[in-house]
Protein chains: 2
Amino acid sequence: MSNLLIVKGHFLYTKTAEKFEVHKDMFLVSIDGIVEGIYPTVPDRFKGAQVQDYGDRLIIPGFVDLHLHASQFLQCGVGMTKQLLDWLNDYTFDLEREFQNLEFARKAYSCFADKMVACGTLRSCIFASSSTAGTEVLFDVLKEKGIGAYVGKVNMDQNGPDFITETTEKSLEGTKYLINKFKDEPLVKPIITPRFAPSCSTELLRGLGKLALEYQLPVQSHLSENIDEVKWVQSLFESAKNYSDIYLTNNLYGQTKTIMAHAIYLDDDEKKLALKMDPFLVHCPDSNINVRSGIMPVREYLNMGLKIGLGSDIAGGHKMGLNEAMVRAIQLSKLVALNDEELQPLTIAEVFYMATKGGGSFFGKTGSFEKGFLFDALVIEDDNMIAEMYSLEDRLEKFIYTGDDRNIIARYVEGKCLSPIASRT
Amino acid sequence: MSNLLIVKGHFLYTKTAEKFEVHKDMFLVSIDGIVEGIYPTVPDRFKGAQVQDYGDRLIIPGFVDLHLHASQFLQCGVGMTKQLLDWLNDYTFDLEREFQNLEFARKAYSCFADKMVACGTLRSCIFASSSTAGTEVLFDVLKEKGIGAYVGKVNMDQNGPDFITETTEKSLEGTKYLINKFKDEPLVKPIITPRFAPSCSTELLRGLGKLALEYQLPVQSHLSENIDEVKWVQSLFESAKNYSDIYLTNNLYGQTKTIMAHAIYLDDDEKKLALKMDPFLVHCPDSNINVRSGIMPVREYLNMGLKIGLGSDIAGGHKMGLNEAMVRAIQLSKLVALNDEELQPLTIAEVFYMATKGGGSFFGKTGSFEKGFLFDALVIEDDNMIAEMYSLEDRLEKFIYTGDDRNIIARYVEGKCLSPIASRT
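Nothing here was measured: the structure is a model prediction, and the numbers come from that model.

With that settled, the discussion passes to the overall build of chain A. Tallying secondary structure elements over chain A gives 14 helices and 15 strands in all. In terms of overall dimensions, chain A is globule-like: its C-alpha atoms have a radius of gyration of 21 Å, near the 22 Å expected for 425 residues. Principal-axis analysis of the C-alpha atoms gives chain A an extent of 65 × 50 × 40 Å. Of all 425 residues assigned to chain A, the portion counted as buried reaches 65%. Look at the contacts in chain A between residues 6 or more apart in sequence, and 75% of them connect residues 24 or more apart. Of the side chains in chain A, 45 bear a positive and 58 a negative charge, and the two mean positions are spaced by 4 Å.

Set out below in structure tokens:
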């Protein structure tokens, strides 16, 4: 069995959002990248096989970032006191233009990908830029890193600066080119990516919906991020019932697997629609505070049974990786609870579930160590003193709150150990 | 001039909270640890002296953390879903007890100090534990590191677990012992530290106030952190006009230089009193969210002209260093502004001022590079690509938002370069 992998350590994961599954000092067996089981000793049928022993380290599923912009990575933490529109005009759009320069694109996307891998984000749903050639570079870079991702060329044919806005035809053509080139890739796949409703003519939205159906591709976009944006959308699409309806009527909302980032200000009809069409709604807490959008009503959505994932939303969010997103999601939920006791704060297990199995289910069976799941994993090393003092769950919580890429000493995607990463902040 | 230091680089600091002073490619001259000036070329009178050239790096004042608990460091990020009282009982108090074991104290305080230095906190006001001998160890450890600090043995003679609560007499005696031992130290000095009003009998408070006056020592404590606490204080001190009054009437509120952490729920009389007695109020944003206390009305206090510093409040706060505190202070101020447009969000310059010159003034002339200030400084290295793309102010903002101890390549306290630190998260 050449694709047999046996890993020893302490395994922690969330089968449900209720609680952690904790397997202390156990052996996980993975065959062909798929978890076979977790055992107290190596089962007889695998006896003699080599064991990768991680000793007292924690082993957890890799993180899944359901929303971020690769072309904005270099801009993380810059212009953060600007309002959304100034931030876009003074920083973001100019930087996005640079990705038409393929040398720059390769350099910048390599930084992005290295940092992402370093932080333990092993699956992600990424907005590239409107440049088809630039987006092609991102596919190539991510393939080289060996991580899983959905990558979208950003579609926009109106309401943006000329230098990154394409014609409807060119936008659809480029999208189709990338689909055909990458649709059969095992790890890094295309996703239909209208920037957001205001950036797209109805013709473009219709064309994208058609491609989604034709190739059975997933869709990602932004929805209801802030109040001014929602008003603007209403004025642009007067016949639409609401913001969600614009995507829905163009086959971009649940007809295939769909991700909608933010979804802060959904009205009642939109909430019902979300229940019916079952998109992944992405909570991006840092971004939502940084650009002063608001707070997603996460507890309400969870109570309704909506699917919630987490997003760093680089570069509205300023930190790569899901640690910050998990912590900030809890912190915001605590602030909400200060004003309304019925809205219980999120637990560590709940945000961990969002960052692993919850968001991971967009990719299929990822984000858990249950039998049949892809073995995407991070090996976490903490200080000896801490390890002696605290329980495994406490140590994991401590990593989430205070740890960073230096604590991640190994990364597995579908059973394959990635090469070590040297990362700078 | 043996104590002459000339440093070259880009200098950024805040003389006022209004804006950054930016000196690109300049030479800073420091004599005997005190800034002489910043010059475009080396002045004639210093010609021939060696220049420490930091090239394209940013040089900023060291950070000042006005409130944190050294004995809680190992617990950072653990038990964060607990409510305050459970958190104290299940984690904090047990850990504080360990500091009676001096071997443990040395090990744990060394981790604490290394991390603090690594993160660029060069001045701080620290709660140790109630153990006199343990606190003595912390003094020694900090002296070895060469950083500036006020260190307080934590005074408590009631309403705490037996194993860390002392008799009034013993608490005062230990305090006096430490005062006499360390009062003439140049960098690491004693500070009177009643844990908070409920932990102290009136006799203890009175005795501590007496010591503060007798030795002209500064005072630090907690004030009005959360609503339940404020109610409890009212029931314990029925004759007190308000929470602040308890400290005031015992010579622990502005009679000597005073720090009060949190100060979230001050009533109108207390606000007036704060204006009059001029304490440093410490904003600890992460802690205030983590333990679900609330949000300090920072903009209101700044408008009133109150002195505000920043605190990591380890381990109510989970991250060492002031980067997180600055970012979270801005984020919280943005959330506040969402509900009240008149309360303008904090700017980068404002939080940077709090983290440097604002808080630094508790120590005298620190936290700025104006002539006559102590040269406490951090040298910040960022990525070449970033340096080419962004202005000096953008690069500093980026460091604040996304950087960590790895970006700090040198640290100066009063003109002396500290030894390099190897730090883990």
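Among the nonpolar cores identified, the biggest contains 223 residues, and Phe112, Ile126 and Leu142 of chain A together with Phe112, Ile126 and Leu142 of chain B are the most heavily contacted of them. Among all residues touching Ile126 of chain A, those that are not within four sequence positions of it are Leu68, Ala70, Phe112, Met116, Leu138, Leu142, Ala149, Tyr150, Val151, Gly152 and Gln220 of chain A.

Attention now moves to the relation of the copies chain A and chain B. With an RMSD of 0.0 Å, the operation that places chain A on chain B is a rotation of 180° combined with a shift of 0.0 Å along the axis. Both copies of the chain, as the preceding transformation shows, are related through a two-fold rotation axis.

A word on the sheet that holds strand E2 (residues 21-31) of chain B. All names here are of chain B. Here we have seven strands laid out as an open sheet, ordered E3-E2-E1-E4-E13-E14-E15, and mixed in their pairing. The outermost strands of the open sheet, each flanked by one partner alone, are strand E3 (34-39) and strand E15 (416-417). With two bridges connecting them, strand E14 (residues 408-413) and E15 associate as antiparallel partners. The residue bridging Tyr412 from the neighbouring strand is Cys417, located in E15. In the packing of helix H14 (residues 392-402) onto the sheet, the strands contacted are strand E1 (4-13), E2, strand E4 (51-61), strand E13 (377-380) and E14, and the crossing angle to E4 comes to about 65°.

We now examine the sheet that holds strand E11 (residues 280-283) of chain A. Residues and elements named next belong to chain A. A sheet is described by the order of its strands in space; here four strands give the open sequence E9-E10-E11-E12, paired in parallel fashion. Of all strands in the sheet, those with a lone pairing partner are strand E9 (219-223) and strand E12 (307-310), marking the two edges. Neighbouring strand axes in the sheet, compared pairwise and without regard to direction, differ in orientation by 30° on average. When strand E10 (residues 258-262) meets E11, the two strands line up parallel, connected through three bridges. When the sheet's bridge partners are listed, Ala261 is paired in E11 with Val282.

All names here are of chain A. In this structure, Ala315 follows Ile314 across a cis peptide bond, with omega equal to 5°. Following the sequence through the fold, Ala315 ends up in the loop between E12 and helix H11 (323-339). The phi dihedral of Asp32 is positive, around 50°, even though this residue is not glycine. Along the chain, Asp32 turns up in the loop between strand E2 (19-31) and strand E3 (34-39).

Residues and elements named next belong to chain B. Direction vectors running N to C along helix H2 (residues 102-118) and helix H3 (residues 132-145) enclose 40°, while the axes themselves pass 9 Å from each other. For the element pair H2 / H3, the angle class is oblique. For H2 against H3, the interelement crossing comes out right-handed. Each of Leu102, Ala105, Arg106, Tyr109, Ser110, Phe112, Ala113, Asp114, Met116 and Val117 in H2 lies in contact with H3, whose residues at this interface are Ala133, Gly134, Val137, Leu138, Asp140, Val141, Leu142, Glu144 and Lys145. Classifying every residue of the contact of H2 with H3 gives twelve nonpolar, two polar and five charged.

A few words on the interface of chain A and chain B. At the interface, 55 residues of chain A touch 55 residues of chain B. Taken together, the two surfaces of chain A and chain B that pack against each other cover about 4800 Å², and 56% of this comes from carbon and sulfur. For the interface between chain A and chain B, the tally reads six salt bridges. Among the ionic pairs, Glu324 of chain A bridges to Lys319 of chain B, the shortest N-O distance being 3.4 Å. For the interface between chain A and chain B, the tally reads 24 residue pairs in polar contact (both at pLDDT 80 or more). Broken down by secondary-structure element, the contributors of at least two residues to the side of chain A that touches chain B are helix H1 (84-97), helix H2 (102-118), helix H9 (285-290), H11, helix H13 (384-389) and helix H14 (392-402) of chain A. Per element, the largest residue contribution to the side of chain A that touches chain B is nine residues, and it comes from H11 of chain A. Within the side of chain A that touches chain B, the residues separate by chemical class into 25 nonpolar, 15 polar and 15 charged.

On to the pairing of strand E10 (residues 258-262) of chain B. With respect to burial, E10 of chain B is a largely interior element, five of its five residues being buried. One crossover worth recording links E10 of chain B to the parallel strand E11 (residues 280-283) of chain B by way of helix H8 (residues 268-277) of chain B, and it is right-handed.

All names here are of chain A. Taking 1.5 Å of rise per residue, 15 residues should cover 21 Å, and helix H4 (residues 168-182) covers 21 Å from first to last C-alpha, within 8% of that figure. Listed as buried for H4 are Thr168, Ser171, Gly174, Thr175, Leu178, Ile179 and Phe182. Each buried residue of H4 lies within a common arc of 145° when the element is viewed along its axis, so the set occupies one face. Across H4 from its buried face, at more than 90 degrees, point the exposed residues Glu169 and Glu173. The elements touched by buried residues of H4 are helix H3 (132-145), strand E8 (188-190) and helix H5 (202-215).

Moving on, we come to the domain arrangement of chain A. Interfaces are often sized by the amount of accessible area the parts lose when they come together. All names here are of chain A. Split into domains, chain A comes out as domain 1 (4-61 + 368-417) and domain 2 (63-360). Put simply, the middle of domain 1 and the middle of domain 2, counted by C-alpha atoms, are 29 Å apart. Both sides together, the interface formed by domain 1 and domain 2 hides about 2100 Å², and carbon and sulfur atoms give 67% of it. Broken down residue by residue, the surface that domain 1 buries against domain 2 is led by Ile400, Tyr401 and Val413, which jointly contribute 28%. Across the domain 1-domain 2 interface, the total number found is four salt bridges. Here Arg123 ties to Asp376 by a salt bridge, and the two come within 2.5 Å at their closest N and O atoms.

Our focus in this paragraph is the pattern of salt bridges. Close approach of charged atoms allows side chains of opposite charge to pair. Residues and elements named next belong to chain A. Summed over the entire model, instances satisfying the criterion amount to 62 salt bridges over all chains. In this structure, Arg106 engages Glu144 in a salt bridge whose closest nitrogen and oxygen atoms are separated by 3.1 Å. Within this pair, whereas Arg106 is found in helix H2, its partner Glu144 is found in helix H3, the two being separated by 38 residues in sequence. Under the relative-accessibility criterion, Arg106 is labelled partly exposed at 35%. A relative accessible area of 53% means that Glu144 is categorised as exposed.

Cut-offs and rules
Once a new chain begins, its residue numbering starts again from 1 and follows that chain's sequence as written. Whichever chain is written first is A, and whichever ligand is written first is 1; the rest continue in order. Selection of residues for local features in this predicted model requires a pLDDT of at least 70, selection of side-chain atom pairs for listing and counting requires 80 or more, and totals for whole chains, interfaces and linings are taken over all residues. In computing side-chain properties, one takes all heavy atoms of the structure into account and sets aside hydrogens as well as water. Secondary structure elements follow DSSP: runs of H or I of four or more residues count as helices, runs of E of two or more count as strands, with numbering from the N terminus. All radius of gyration figures rest on C-alpha atoms, and the globule criterion is 2.2 Å times the number of residues raised to 0.38. Exposed residues in this analysis have more than 50% of their type's maximum accessible area, buried residues have under 20%, and partly exposed residues fall in between, with area computed by a 1.4 Å probe over protein chains only. Only heavy atoms matter for contacts: two residues are in contact if any of them lie within 4.5 Å across the pair. By the counting rule applied here, Lys and Arg register as positive and Asp and Glu as negative, while His and the ends of each chain are not counted. Lysine's charge is taken at NZ, arginine's at CZ, aspartate's at CG and glutamate's at CD. Working definition of a nonpolar core: buried Ala, Val, Leu, Ile, Met, Phe, Trp, Tyr and Cys residues. They are joined through side-chain atoms within 4.5 Å. Copy-to-copy alignment: least squares on C-alpha atoms, limited to residues at pLDDT 70 or above in both. Here, a strand pair is defined by DSSP locating no fewer than two bridges between the strands. For helices, the fitted line uses only the C-alpha atoms of the stretch in contact; every axis is such a line through C-alpha atoms, and the angle between N-to-C directions lies from 0 to 180 degrees. Angle categories: roughly parallel below 35 degrees, roughly antiparallel above 145, roughly perpendicular from 65 to 115, and oblique for all the rest. We call a crossing left-handed when the near helix sits turned anticlockwise from the far one by less than a right angle, and right-handed when that turn is clockwise. All amino acids are sorted into three groups, where Ala, Val, Leu, Ile, Met, Phe, Trp, Tyr, Cys and Pro are nonpolar, Asp, Glu, Lys and Arg are charged, and the leftover types, Gly among them, are polar. Each of two parts loses accessible area, computed with a 1.4 Å probe, when they are put together; buried area is these two losses added. Salt bridge, as applied in this entry: a Lys or Arg side-chain nitrogen positioned within 4 Å of an Asp or Glu carboxyl oxygen. In protein, a polar contact requires one atom able to donate a hydrogen and another able to accept it; more generally it is a pair of N or O atoms within 3.5 Å, and residues adjacent in sequence count only if both atoms are side-chain atoms. Crossovers are described as right-handed under a simple rule: with the strands pointing away from the observer, the path leading from the first strand over the helix to the second runs clockwise. For a helix, the expected span equals 1.5 Å multiplied by the number of residues minus one. Throughout, the arc means that of the directions going from the helix axis to the C-beta atoms. The start and end points of each domain follow an automatic or database-based domain assignment.

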